[in-house]
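The residues making up each chain are set out below.
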Amino acid sequence: MAKKWEGKHYSFFQNTQCEYFPCHKTDKPEDFNCLFCYCPLYALGDRCGGNFRYTEKGYKDCTNCMIPHQRQNFGRITSRYQDIAELTRRKP
């Protein structure tokens, strides 16, 4: 069953003129999605679901993660927006 965002222009963007394109190693540069250049899931820390590691200084290194850059993961990213919003919710 197709998802409503599949095949829509808003779910995929590619900037081949970018100095860093592609910013991650890929065997399919034609499917490299630049829409989430800076991954919204980064803020979720170890709950992001991606292939990351923490550096010796404690920073999150997402060099080996392709989740936000794969065409088919638009829904995976946007389905987590409620989790991201919760991080910013004002608590009484």
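This write-up is about the structure you can find in this document.

The rules we used
Residues numbered from 1 in each chain as written. Predicted model: local features only at pLDDT ≥ 70, side-chain atom pairs only at ≥ 80, totals over all residues. Heavy atoms only, no water. Salt bridge = Lys/Arg side-chain N within 4 Å of Asp/Glu carboxyl O. Helix = DSSP H or I, 4+ residues; strand = E, 2+ residues; numbered from the N terminus. Buried < 20%, exposed > 50% of the residue type's maximum accessible area, 1.4 Å probe, protein only. Phe/Tyr/Trp six-rings, centres within 6.5 Å; stacked < 30°, edge-to-face > 60°. Lys NZ or Arg CZ within 6 Å of the ring centre and 35° of its normal. Contact = heavy atoms within 4.5 Å.

## Topic: the pattern of salt bridges
- Inspection of every chain in the model, using the stated rule, returns five salt bridges.
- Measuring nitrogen to oxygen at the nearest pair gives 3.1 Å for the salt bridge that ties Arg71 to Asp31. Highlighted residues: Arg71 in the loop between strand E2 (60-61) and helix H1 (74-78) and Asp31 in the segment before strand E1 (53-54), separated in sequence by 40 residues.
- For Asp31, a relative accessible area of 28% gives the class partly exposed.
- For the salt bridge of Arg80 with Asp83, the shortest nitrogen-to-oxygen distance reads 2.6 Å.
- The class for Arg80 is buried, based on a relative accessible area of 18%.
- Note on Asp83: relative accessible area 30%, which makes it partly exposed.
- Here the salt bridges do not stand alone but share partners, grouping Glu86, Arg89 and Lys91 into one network.

## With respect to the packing of aromatic side chains
- Inspection of every chain in the model, using the stated rule, returns five aromatic pairs.
- Taking the centre distance of 5.4 Å and the plane angle of 50° together, the rings of Trp5 and Phe74 count as tilted. Residue Trp5 is located in the segment before E1, and its partner Phe74 is located in helix H1; the two are separated by 69 residues in the primary sequence.
- A connected cluster of aromatic rings, assembled from ring pairs, spans Trp5, Tyr10, Phe36 and Phe74.
- Here the guanidinium or amino end of Lys60 rests over the ring plane of Tyr42, the centre of that ring lying 5.0 Å away.
- Over the ring of Phe12 we find Arg71; its NZ or CZ atom is 3.7 Å from the centre of that ring.

## Looking at unusual backbone geometry
- Going from Phe21 to Pro22, the amide bond is cis rather than trans, its omega being -20°.
- For Pro22, the position within the fold is in the segment before E1.

## Topic: the side chain of Asn73
- Examined against the element boundaries, Asn73 turns out to sit in the loop between E2 and H1.
- Using a relative accessible area of 8% as the deciding quantity, one classes Asn73 as buried.
- Beyond its immediate chain neighbours, meaning those up to four positions away, Asn73 contacts Met66 and Ile67.

Function-wise, these values are silent; they only describe arrangement.
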